[in-house]
Amino acid sequence: MSEMRVSLPFEGGCQCGAIRYCVNAIPLTLYCCHCTECQAQSSSAFGMSMLVSGDSLEVDWDATKAWSRPTHSGNVIDCHFCPGCGSRLFHVDRSGDSAEIGVVSIKAGSLDDHSWLRPIGHLWTNSKQPWFEVPPEMLSSKRDPGDLEPYFSRWREVSASWFGPLA
Ligand SMILES: [Zn+2]
Ligand SMILES: [Zn+2]
């Protein structure tokens, strides 16, 4: 594979373009989720989740609409989408007491540039569609792995050389 270069910040948005966002720090990880919620939400085989720290994401939160649902692990997440076109953009775990947004999961298909998206692992492979084989070099977890640290550290190893300085 030729050397990857990603400039910060990078941008994304909803399908109609009304909601735009910008990420100004290196993401925490990128994985595919095969849980039944991600399958229902994406109307597809799996979702691609890019975790970023809340303070690295610039978006007008007043412009999105949110729907909340319980997670498999008993927390509640707010699922933010564009009210105009319905594209799902972000999941925010609201289990903490703090009003501050800790980690945001970006639906990675909403990024403008998909060419550098290389997931490092697969979650909830118990419910993956049977034709999909997890590539042997990738991490995988039958359910929620609980501790995501292996997914963070593998991402750091793989993506360390990709990101240029903040423009
Ligand atoms: Zn839209
Ligand atoms: Zn999922």
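In what follows, the structure referred to is the one given above.
Reading the values: the criteria
Residues numbered from 1 in each chain as written. Chains lettered and ligands numbered in written order. Predicted model: local features only at pLDDT ≥ 70, side-chain atom pairs only at ≥ 80, totals over all residues. Heavy atoms only, no water. Buried < 20%, exposed > 50% of the residue type's maximum accessible area, 1.4 Å probe, protein only. Helix = DSSP H or I, 4+ residues; strand = E, 2+ residues; numbered from the N terminus. Pairing = 2+ DSSP bridges. Donors = N, O, S within 2.8 Å, 3.2 Å for Na, K, Ca; no water. Tetrahedral: all angles 85-135°; square planar, octahedral: opposite > 155°, others 65-115°.

Participant: Provide a residue-level description of the pairing of strand β5 (residues 47-53), including the pertinent values.
Facilitator: Of all seven residues in β5, five are buried, a share of seventy percent or more. Where strand β4 (residues 29-33) lies against β5, five bridges are found, and the strand directions are antiparallel. Its bridge partner lying in β5, Y31 is registered against S49.

Participant: Describe the coordination of the zinc ion (ligand 1), and please don't skip the residues or the numbers.
Facilitator: Taken together, C14 (SG), C16 (SG), C82 (SG) and C85 (SG) make up the protein donors of the zinc ion (ligand 1), found 2.3 to 2.4 Å from the metal. For the zinc ion (ligand 1), the four donor atoms in the first shell make angles of 106 to 113° at the metal, so the coordination geometry reads as tetrahedral. Taking the relative accessible area as the measure of exposure, C85 reaches 30% and is therefore partly exposed.

Participant: Can you break down the pairing of strand β2 (residues 10-13) residue by residue, with the values?
Facilitator: Relative to strand β3 (residues 20-23), β2 is paired through four bridges, and the arrangement is antiparallel. In the strand pairing of β3, E11 is matched with C22. Hairpin connection of β2 to β3: six residues between the antiparallel strands, including G17 at a positive phi of 90°.

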